[in-house]
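So you can see what is in the structure, the chains are spelled out below.
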Amino acid sequence: MKGNKIKIILLILTIVLAGFGRDFVMKNINWVIKYLTQGGTNFSQSVFNPFLKWEVSDLIRLKWGLTIGFTLLFYILTKIIIQSIFKRGNTLVKLFYFTLIASATFIYFIGYVFGIIDTIYPTVRTIMGIAQSFVPFIIIYLFLKFYSSINLTKKNE
């Protein structure tokens, strides 16, 4: 039992640190893109200087790849942590992530069809940002914890 608690704590620490790591990488790539497209001062960290030689289109493709990779990482971590804590919840994790990704895809498609991608992009980015964070874990954890307490109360009545 003690080993499982340590595993859960380490996994939660991993998902939180991964969130900060993802934010660091994506924001610095955005600074490089801004510098390459608008000029001015390069505010990215020096470790990102090699990206200054890249084409903007390549950086955007990199960001798409990172978006997919980070989404998968957070999905897997969320699934493992929820399963470790509750011994259930895999379907809920799948449904939650499917809903996030499907919503972002649908909104992006609508923007594409109506030629307003620049207008809807912040919404799509926010939804995908949620998928690439520990927010789904927190929401699913609270839901399952609350749902379990409701079921326990009903069984005791």
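All of the points below concern the structure found in this document. (Residues numbered from 1 in each chain as written. Predicted model: local features only at pLDDT ≥ 70, side-chain atom pairs only at ≥ 80, totals over all residues. Heavy atoms only, no water.)

### Describing the packing of aromatic side chains
Centre-to-centre distance and the angle between the planes together describe a pair of aromatic rings.
Point 1. This model, assessed by the stated rule, comprises 9 aromatic pairs.
Point 2. Measuring from ring centre to ring centre gives 6.1 Å for Trp-64 and Tyr-108, while their planes differ by 85°; the resulting arrangement is edge-to-face. Within this pair, whereas Trp-64 is found in helix 2 (residues 56–86), its partner Tyr-108 is found in helix 3 (residues 90–113), the two being separated by 44 residues in sequence.
Point 3. Take Tyr-108: its relative accessible area is 28%, and that puts it in the partly exposed class. (Phe/Tyr/Trp six-rings, centres within 6.5 Å; stacked < 30°, edge-to-face > 60°. Helix = DSSP H or I, 4+ residues; strand = E, 2+ residues; numbered from the N terminus. Buried < 20%, exposed > 50% of the residue type's maximum accessible area, 1.4 Å probe, protein only.)

### Some points on the nonpolar core
Point 1. Counting 22 residues, the largest nonpolar core has Ile-15, Phe-74, Ile-82, Val-93 and Tyr-97 as the members making the most contacts within it.
Point 2. Residue assignment for this core shows that the elements contributing at least two residues are helix 1 (2–38), helix 2, helix 3, helix 4 (117–131) and helix 5 (135–156).
Point 3. The element contributing the most residues to this core is helix 2, with 7 residues.
Point 4. In contact with Ile-15, not counting residues within four places along its chain, are Phe-74, Leu-77, Thr-78, Ile-81, Phe-134 and Phe-137.
Point 5. Core analysis: the next-biggest nonpolar cluster, separate from the first, contains 6 residues, Ile-29, Val-32, Phe-51 and Leu-59 among them. (Core = buried A, V, L, I, M, F, W, Y, C linked by side-chain atoms within 4.5 Å. Contact = heavy atoms within 4.5 Å.)

### Remarks on the pattern of salt bridges
Two side chains with opposite charge may pair up if their charged atoms get near one another.
Point 1. Applying the stated criterion across every chain, the model contains 2 salt bridges.
Point 2. The shortest N-O distance in the salt bridge between Lys-27 and Asp-23 comes to 3.5 Å. Separated by 4 residues within a single helix, Lys-27 and Asp-23 lie in helix 1, roughly one turn from each other.
Point 3. Given a relative accessible area of 47%, Lys-27 falls into the partly exposed group.
Point 4. Note on Asp-23: relative accessible area 30%, which makes it partly exposed. (Salt bridge = Lys/Arg side-chain N within 4 Å of Asp/Glu carboxyl O.)

### Quick look at helix 1
Point 1. For helix 1, which comprises 37 residues, the first-to-last C-alpha distance of 54 Å matches the rise-based estimate of 54 Å (1.5 Å per residue) to within 8%.
Point 2. Among the residues of helix 1, Ile-8, Leu-11, Ile-15, Ala-18, Gly-19, Arg-22, Met-26, Asn-28, Ile-29, Asn-30, Val-32 and Ile-33 are the ones counted as buried.
Point 3. Once helix 1 ends, the next one or two residues include Gly-39, with phi positive near 80°. (Expected span 1.5 Å × (residues − 1).)

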